[in-house]
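Below, each chain spelled out in residue letters.
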Amino acid sequence: QVQLVESGGGLVQAGGSLRLSCAASGTGFIFSFNAIDWYRQAPGKQRELVAEVTPGHTTTYADSVKGRFSISRDDAKNLVYLHMNSLTPEDTAVYFCHLNYFLRDYWGQGTQVTVSS
């Protein structure tokens, strides 16, 4: 079993920044061995992949956030971050942390990000 807990969401004006955090834990779970993703889901829309960081710290991003968002991980603290800059109202969504561990998907409870115009 793996537990993921997101934090850092909130209300921000367009053009602002937020940093989301995801804390991972679990018996026998080795954080540094796993790729970690951030997804988001806006009202009435499907959940979409925003960014991923691999165990080797390679990162990938959705086209919609490239150049504005940055994902990073701290393996010593079992944390993954999503740094979000130049936010727009289109970034408003619930943001979820996700990983796949032994062929099972684990999700956090999500954190709401609201960007006002």
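As shown above, the structure is provided for reference.
Residues numbered from 1 in each chain as written. Predicted model: local features only at pLDDT ≥ 70, side-chain atom pairs only at ≥ 80, totals over all residues. Heavy atoms only, no water.

### Quick notes on the pattern of salt bridges
Summed over the entire model, instances satisfying the criterion amount to 5 salt bridges. Aspartate 91 is the partner of arginine 40 in a salt bridge, and the nearest nitrogen-oxygen pair spans 2.9 Å. With arginine 40 in strand β4 (residues 36-41) and aspartate 91 in the loop between β8 (79-84) and β9 (93-101), this residue pair connects regions lying 51 residues apart in the sequence. Take arginine 40 and aspartate 91: they sit in the same class, and that class is buried. A salt bridge links lysine 66 to aspartate 63; its shortest N-O distance comes to 3.1 Å. (Salt bridge = Lys/Arg side-chain N within 4 Å of Asp/Glu carboxyl O. Helix = DSSP H or I, 4+ residues; strand = E, 2+ residues; numbered from the N terminus. Buried < 20%, exposed > 50% of the residue type's maximum accessible area, 1.4 Å probe, protein only.)

### Regarding the side chain of threonine 92
Take threonine 92: it is sitting in the loop between β8 and β9. Within the local environment of threonine 92, its side chain forms a polar contact with the backbone oxygen of proline 89, the two atoms lying 3.0 Å apart. Side-chain polar atoms of threonine 92 contact the backbone nitrogen of valine 115, separated by 2.9 Å. Among residues more than four places away in sequence, those in contact with threonine 92 are Ala42, Gln112, Val113, Thr114 and Val115. (Polar contact = N/O pair within 3.5 Å; in protein donor to acceptor, adjacent residues only side chain to side chain. Contact = heavy atoms within 4.5 Å.)

### A word on the pairing of strand β5 (residues 48-53)
Sheet topology places β4 next to β5; 5 bridges connect them, and they run antiparallel. In the strand pairing of β5, isoleucine 36 is matched with valine 53. Between the antiparallel neighbours β4 and β5 lie 6 residues, among them glycine 44 with a positive phi of about 75 degrees. Direction of pairing for β5 relative to strand β6 (residues 59-61): antiparallel, over a ladder of 3 bridges. (Pairing = 2+ DSSP bridges.)

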